[in-house]
Amino acid sequence: MDRKNKRVSRRGLLKTAGAAAGGVPLAVPALVTGPEPAGRNIHQRPWWVRTVERPTLGETNSDFQRFGGASIFALYRDLKVQREGEAALKAERAANRRHTAEWIRQKKPGFGLRDRQLMEAGWTVMRSARPGEGLLAWTRVRVQTPAELGVDRYAASPQEMANTVKAAARFYGAGAAGIAPMNEKYVNLRQGGKDIVFEDVDAPAVGEQKFVIPRKMKWVVAIAVPMDLDLIRRAPTALGEGATTLGYSQCAFVVGTLAEFIRGLGYQAIPSVNDTAQSVPFAVDAGLGEMSRLNRLITPAFGPAVRLCKVFTDMPMACDKPVDFGVVEFCKRCKKCAEECPSGALSFDDEPSFRVRGPWNNPGHKAWYEDSYRCFQHWQEVTTDCGICFAVCPYTKAAKAWVHRFVKAAASVAPPADRFFRAMDNVFGYGRQHAPEKWWSEDQPPFGLDSEQVRGG
Amino acid sequence: MGRDYHTIRLRRRPWWAWLLAALWLLLMVAGVQTAVASGCESEYRAAAVSWVLVAALLLVGGVAWWQAGRAA
């Protein structure tokens, strides 16, 4: 190579290096947001969330059957009368009403009129829907079907069908969505005084005596709707409960619109929030998270701060697998929720077991069962729901500080460090109640959600 | 008659010193990011603890730098 060519070569090298350096910011987003290859799951999780064949917690035995479907509120009322008598129940309700009014008049932080009504109004959408009616209708509401449009129904590979539904779910407001196979044992036996039955029919039906789910509905879209972290940190107050009530209304909106979307593609869909079936096992099977000491789901992005809902459908989709990111091992060592629970309702057992705590638990699966009676009794005392267990869980974190992602990843791959992370969680002051009255003067994002966190869901 | 030149001695640092310096820098960046982000997340105690850790780390780094300079 002569001298001139050498010089050109050096310059060429510099130009190449410069172009490469300048291209990095362009190339990286292209890699991240490029077109999805066919057959790939669009719901990519962080590297430290491993897919597994069986859930990390939830092993079942022969006692596992469909849950009766009794409302937890009705169970509490009956148990209260049974244990302490009718007079105790009446006295408790009177005290609840009296405290509610007194605290409003006293402007007790988090329990004032605006706090309580913010929470109550959060129910609006949810309360306008009942299983089989309105937003939660089991059959088409208004959308035109492909047959009415004179076209074939939507057809694609199972993975593309799943991706389509997940994209739509995120569009309507889901924080995370996954696909699980239908498991009839997760479906309640009864609701609203009617049986829930599976039959070989073409469409779902709500009759005088029964709710009919077609056997051909073999897929379940499990959905997690993230709750407002800034409100959860105000628990237990009326203001804090707003995160729950709005979460339920968002669930009704998401499943109602998603079911209508699926019907518009030419398939059947049944939207469900807390009704009809247990949401948690479907969410576990769909890989949205792991069961925990709370006896609730913990998700990688939002921790336990989610409300769950689902849509049953006959639209064929590729199913997801359960995930493992170290939650069960972390819960064995942490116990912060059980320590902070004011009613002592959560289990301190080192290991999950099949031992249930009362008729509110559906027996036959391994879990850290909770004492819902104690939990509800505490609700009566504070006049709202509680939520302290959600607020103090070390997985309940916003996504701005990188260190949270590092800790979640480390807890996933190095369980021996769990005790250290638990100790640090206390040192850094996480889980302490934030001043309720300050919430009203803070600049809140829509639905109280950190956009970085939602993107990572 | 004085010398009309200076002698500059370049001391080659061992590989582990560079590694420690890189680790220190990484911890500093992580600490500052945590402190700032915790403030944005209204986690004021976490922010305060993070700033204390950053200050401690800065002090340790400064002392180590000074000691290394004296040893050279």
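Structure shown above.
Residues numbered from 1 in each chain as written. Chains lettered and ligands numbered in written order. Predicted model: local features only at pLDDT ≥ 70, side-chain atom pairs only at ≥ 80, totals over all residues. Heavy atoms only, no water.

Caption draft 1: Broad picture of the packing of aromatic side chains. Residue and element names in this part refer to chain A. Within the structure shown, the criterion is met by 17 aromatic pairs over all chains. Taking 4.6 Å as the distance between ring centres and 15° as the angle between the ring planes, the aromatic pair formed by F376 and W379 counts as stacked. One end of the pair is F376 and the other is W379, both in helix α13 (residues 372-382) and 3 residues apart, which spans about a single turn. Overall, F376 belongs to the buried group, its relative accessible area being 6%. The structure contains a cluster of three or more aromatic residues connected by ring pairs, namely F73, Y76, Y373, F376 and W379. The ring centre of W103 lies 3.7 Å from the NZ or CZ of K108, which sits over that ring. (Phe/Tyr/Trp six-rings, centres within 6.5 Å; stacked < 30°, edge-to-face > 60°. Helix = DSSP H or I, 4+ residues; strand = E, 2+ residues; numbered from the N terminus. Buried < 20%, exposed > 50% of the residue type's maximum accessible area, 1.4 Å probe, protein only. Lys NZ or Arg CZ within 6 Å of the ring centre and 35° of its normal.)

Caption draft 2: Just empty space enclosed by the protein, in detail. Applying the stated criterion across every chain yields a total of 3 cavities of 30 Å³ or more. Lining the largest cavity are 15 residues, with R233, A391, Y430 and G431 of chain A together with E43 of chain B positioned closest to its centre. Here the lining of the largest cavity is built from residues that sort into 5 nonpolar, 5 polar and 5 charged. Here the second largest cavity is characterised by a volume of approximately 80 Å³. (1 Å grid on protein atoms, 1.4 Å probe; cavity = no way out; pocket = protein on both sides within 12 Å on 5 of 7 lines; lining within 4 Å. Points joined across faces, edges and corners; volume = space filled by probe spheres on them. Nonpolar A, V, L, I, M, F, W, Y, C, P; charged D, E, K, R; others polar.)

Caption draft 3: Seen up close, the sheet that holds strand β7 (residues 219-226) of chain A. Residue and element names in this part refer to chain A. Taken together, the 4 strands give an open sheet; going across it, the order is β2-β7-β11-β8, and neighbouring strands pair in antiparallel fashion. Lying at the two open borders of the sheet, with one neighbouring strand each, are β2 (176-181) and β8 (269-272). Pairs of neighbouring strands in the sheet enclose a mean axial angle of 20°, with direction left out of account. One ladder, built from 4 bridges, connects β8 with strand β11 (residues 306-313); its direction is antiparallel. (Pairing = 2+ DSSP bridges. Axes fitted to C-alpha atoms, helices over the stretch in contact; angles between N-to-C directions.)

Caption draft 4: Geometry of the side chain of H434 of chain A. With respect to the helices and strands, the residue H434 of chain A is situated in the loop between α16 (418-427) and α17 (451-455). For H434 of chain A, a relative accessible area of 10% gives the class buried.

Caption draft 5: Layout of helix α7 (residues 158-172) of chain A. Residue and element names in this part refer to chain A. End to end, α7 covers 21 Å across 15 residues, agreeing with the expected 21 Å (1.5 Å per residue, within 8%). When α7 is considered as a whole, its buried residues turn out to be Q159, M161, A162, N163, V165, K166, A168 and A169. Looking at the packing, one finds that the buried side of α7 touches β2, β7 and α9 (238-264). Where α7 ends, the next residue or the one after it, G173, has phi of about 125°, a positive value. (Expected span 1.5 Å × (residues − 1). Contact = heavy atoms within 4.5 Å.)

Caption draft 6: A look at the pattern of salt bridges. A full pass over the atoms with the stated rule returns 31 salt bridges over all chains. Between E59 of chain A and K366 of chain A there is a salt bridge whose closest N-O contact spans 3.7 Å. Of this pair, E59 of chain A sits in the loop between β1 (50-51) and α2 (72-84) while K366 of chain A sits in the loop between α12 (336-340) and α13; the two residues are 307 residues apart in sequence, bridging distant segments of the chain. Of the residues examined, E59 of chain A reaches a relative accessible area of 42% and is grouped as partly exposed. Residue R233 of chain A is joined to E43 of chain B by a salt bridge in which the shortest nitrogen-to-oxygen separation is 3.3 Å. One end of the pair, R233 of chain A, is in the loop between α8 (229-232) and α9; the other, E43 of chain B, is in the loop between α1 (15-40) and α2 (44-71), on a second chain. (Salt bridge = Lys/Arg side-chain N within 4 Å of Asp/Glu carboxyl O.)

So far we have only geometry, and geometry alone does not tell us how the molecule works.
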